[in-house]
Amino acid sequence: MNITLDGPGGSGKSTIAKLVAKKMGISYLDTGAMYRAMGYYALSKGIAVDDEKAVLEMIKNVEMKLWQENGVQQVSVNGINVTPYIREHEISMAASTISKIPAVRIKLVELQRKIASDCDCIMDGRDCGSFVLPQADYKFYLTASSDVRAQRRQKELVEKGQILDFETIKADIEARDKQDMTREFAPLVIPEGATVIDTSDMTIDQVCSVVMNAVCR
Ligand code: DC
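Residues numbered from 1 in each chain as written. Predicted model: local features only at pLDDT ≥ 70, side-chain atom pairs only at ≥ 80, totals over all residues. Heavy atoms only, no water.

Q: Honestly, the overall build of the protein in this entry has me stumped. Any pointers?
A: Each helix and strand counted, the protein has 9 helices and 8 strands in total. Whereas a compact globule of 217 residues would reach a radius of gyration of roughly 17 Å, the protein reaches 16 Å, a difference of no more than 12%. Each principal axis of the C-alpha distribution contributes one length, and for the protein these read about 50 × 40 × 35 Å. By residue count, 48% of the 217 residues in the protein fall in the buried class. A fraction of 73% describes how many contacts in the protein between residues 6 or more apart in sequence connect residues 24 or more apart. Summing over all exposed atoms, the protein offers an accessible surface of approximately 10600 Å²; the carbon and sulfur share of this is 51%. (Helix = DSSP H or I, 4+ residues; strand = E, 2+ residues; numbered from the N terminus. Rg over C-alpha atoms; globule rule 2.2 N^0.38 Å. Buried < 20%, exposed > 50% of the residue type's maximum accessible area, 1.4 Å probe, protein only. Contact = heavy atoms within 4.5 Å. Areas by Shrake-Rupley, 256 points an atom, 1.4 Å probe, with all protein chains shown as cover.)

Pasting the structure below:
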């Protein structure tokens, strides 16, 4: 069984995907972590994430691996576990920018489809129901107002010791939405047949129940 959960940053996708996976005893795949790992790796090598030529050269020699440790997804690039570094605020935009490059997407989508074909899983991202797994058994699209999403992101960053002002976070979220929604190749859209859930005024448990009720009917 494959379930997809798409939506903009801060809509609650990853939290819900992890919870539903745990309740159902299936795997979860956070595809955003893969684009984050690519963005982080490029920056760590001094490669500009919008330099398509240099990124194309880089990805020829990139091997990405994903696995779970105590139920938490880990990602490595060329043998180095980059998981601790990919949630930094500046990596969000780097991931969004590098994800515009079709060759990057093709490489990562291949890995995502392979994982989905090997196990029952819930996959969260931007194009999972529209491009990666258009034939998924269940598709959801989570959204929320940019104010609510910025509040959630700010809380997450504070928990990691990063203090940023609300307006900066909100502006970055909106800029990333625009970039993710308007890119040419596999943009963020509501996938055909997806159930749309506005999580702005919902608790995590409420969103989880909507998904579980639809899947376990
Ligand atoms: O979900 P996230 O915030 O970790 O994603 C980071 C960026 O990665 C997002 O702004 C765009 C890109 N991304 C993508 O293009 N396609 C996906 N399936 C997941 C993420």
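Q: Just to check I follow, could you spell out unusual backbone geometry for this structure?
A: Apart from glycine, the bulk of residues carry a negative phi angle, and the bulk of peptide bonds sit in the trans form. Despite not being glycine, N70 has its phi angle at roughly 50°, a positive value. Locating N70 in the fold gives a position in the loop between strand 3 (64-69) and strand 4 (72-77). Assessed through its relative accessible area of 82%, N70 is described here as exposed. Within the chain, N78 stands out as a residue other than glycine whose phi angle is a positive 45°. Position of N78 relative to the elements: it lies in the loop between strand 4 and strand 5 (80-81).

Q: So what exactly am I meant to see when it comes to helix 8 (residues 166-182) here?
A: With 17 residues, helix 8 extends 24 Å between its outermost C-alpha atoms, agreeing within 8% with the 24 Å of an ideal straight helix rising 1.5 Å per residue. Within the sequence span of helix 8, burial applies to I169, K170, I173, R176, D177, Q179 and D180. Those residues of helix 8 that are buried are in contact with helix 2 (31-44), helix 4 (89-98) and helix 7 (146-159). (Expected span 1.5 Å × (residues − 1).)

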